[in-house]
Amino acid sequence: MNCVLYRVLAILLTCHLSLTTASAQQVKFGYLNFQEVIKVMPEYAQVQADMADLRAKYDAEMKRAEDEFNKKYEEFLEGQHDFAPSIYQKRQVELMDMMDKNIAFKNEARRLLRQAEQDARQPLKDKLKEILARIGQEKGYAFILNTDGDALPFVNPEQGDDITQLVKEMISN
């Protein structure tokens, strides 16, 4: 009797493992290049134009500050032989202070530009995530992968679907 019970348990376990393996093989997923898709969104061009405008404003201010520094430095070089020691030190300190402020401004400008770009792109990302969620539900995907930056060097096309073109079409409509 125990022998029959062990056989039945072994058969049930084998069936369970077979069903588990079969269902694991049926997991469907999609994948796309997120950056490629986001670039076809109509709002993307406006974000890029806004960022170019903002960059130009920061660049103009950095150029103005650099020109001002260069002018003061040239004046310093031209007059340094005629300055009294205290005036020489004062002007030298002014130039160092001006240079430090310019460097700080450049670093802050870079940080602010990065943040502005992230903030400007967030609505695009949110919209794209909504589209991906809808596609994922409709297609019965367990998940959708992003292939940006070689994050996914290989996908077996028999097990996953490249949905890049589908997403582009949904964005265009």
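What this report covers is the structure whose coordinates are included nearby. Being a predicted model, the structure only gives us computed values, none of them experimental. Position numbers for residues count from 1 along each chain, tracking the sequence in the order it is written. The model is predicted, so local features are restricted to residues of pLDDT at least 70 and side-chain atom pairs to those at 80 or more, both for listing and for counting; the totals for chains, interfaces and linings are taken over all residues. Calculation of side-chain values draws on the structure's entire complement of heavy atoms; hydrogens and water are dropped beforehand.

### Some remarks on the overall build of the protein
(1) Moving on: The number of helices and strands found in the protein is five helices and three strands.
(2) Moving on: When the helices and strands of the protein are read in sequence order from the N terminus, they spell out α-β-α-α-α-β-β-α.
(3) Moving on: Relative accessibility under 20% of the residue-type maximum defines a buried residue, over 50% an exposed one, and the middle range a partly exposed one, all with a 1.4 Å probe and only protein chains included. Residue burial in the protein is summarised as follows: out of 173 residues, 23% are buried.
(4) Moving on: Residue pairs in contact within the protein that sit at least 24 positions apart in sequence constitute 86% of those at least 6 positions apart. Helix and strand definitions follow DSSP, with helices as H or I runs of at least four residues and strands as E runs of at least two, each counted in order from the N terminus. By definition, residues are in contact when any of their heavy atoms lie within 4.5 Å.

### What to know about the pairing of strand E1 (residues 29-32)
(1) Moving on: Residues of E1 alternate between two faces, with Phe29 and Tyr31 on one and Gly30 and Leu32 on the opposite face, all of them buried.
(2) Moving on: Here E1 pairs with strand E3 (residues 160-162) via three bridges, running parallel. Residue Phe29 lies in a different strand from E3, and its bridge partner there is Gly160. Here the rule is simple: two strands pair whenever DSSP picks up at least two bridges between them.

### Describing the packing of helix H3 (residues 42-79) against helix H4 (residues 85-139)
(1) Moving on: Between N-to-C directions, angles cover 0 to 180 degrees, with each direction set by a line fitted to C-alpha atoms, over the stretch in contact for helices. The N-to-C vectors of H3 and H4 enclose an angle of 180°; their axes lie 10 Å apart at closest approach. Here H3 is positioned roughly antiparallel relative to H4, judged by the angle of their axes.
(2) Moving on: Under the grouping applied here, Gly and all other residues not named as nonpolar or charged are polar, the nonpolar ones being Ala, Val, Leu, Ile, Met, Phe, Trp, Tyr, Cys and Pro and the charged ones Asp, Glu, Lys and Arg. Split into classes, the residues belonging to the contact of H3 with H4 amount to 21 nonpolar, three polar and 11 charged. These descriptions rest on fixed angle ranges, namely under 35 degrees for roughly parallel, over 145 for roughly antiparallel, 65 to 115 for roughly perpendicular, and the rest for oblique.

### Examining helix H5 (residues 164-172)
(1) Moving on: Listing the buried residues of H5 in full gives Thr164, Val167, Lys168 and Ile171. Buried residues in H5, looked at end-on, bunch into an arc of 100°, giving them a common side.
(2) Moving on: Packing partners of the buried residues in H5 comprise E1, helix H2 (34-38), H3, H4 and E3. Note: the arc covers the axis-to-C-beta directions of the helix.

### Focus on the pattern of salt bridges
(1) Moving on: Take a side-chain nitrogen of Lys or Arg and a carboxyl oxygen of Asp or Glu: if they are within 4 Å of each other, that pair is a salt bridge. Counted according to the given criterion, the structure contains 11 salt bridges.
(2) Moving on: One salt bridge connects Glu61 with Arg64, and the closest N-O pair in it is separated by 2.7 Å. One end of the pair, Glu61, and the other, Arg64, are both in helix H3, three residues apart, so they sit about a helical turn from each other.
(3) Moving on: The class of Arg64 is partly exposed, set by a relative accessible area of 41%.
(4) Moving on: For Arg111, the salt bridge is made with Glu108, and the minimal N-O distance between the two is 2.7 Å. Taken as a pair, Arg111 and Glu108 lie in helix H4 at a separation of three residues, close to a single helical turn.
(5) Moving on: Taken together, the shared-partner salt bridges in this structure form one network comprising Glu61, Arg64 and Glu68.

### Thoughts on the side chain of Asn102
(1) Moving on: The residue Asn102 is located in helix H4 in this model.
(2) Moving on: When its relative accessible area of 18% is taken as the criterion, Asn102 is described as buried.
(3) Moving on: Setting aside its immediate chain neighbours within four residues, Asn102 contacts Ala65, Glu66 and Phe69.

### Description of the nonpolar core
(1) Moving on: Think of a nonpolar core as a cluster: buried Ala, Val, Leu, Ile, Met, Phe, Trp, Tyr and Cys residues, connected wherever their side-chain atoms sit within 4.5 Å. Ranked by internal contacts, the top residues of the largest apolar core, which has 21 residues, are Ile38, Leu128, Leu132, Ile163, Val167 and Ile171.
(2) Moving on: Sorting elements by how many residues they give to this core places H4 first, with seven residues.
(3) Moving on: Dropping the residues within four chain positions of it, Leu128 is found in contact with Phe34, Val37, Ile38, Met41, Val167 and Ile171.
(4) Moving on: Ranked by size, the runner-up nonpolar core spans five residues in total, among them Phe69, Phe83, Leu95 and Met98.

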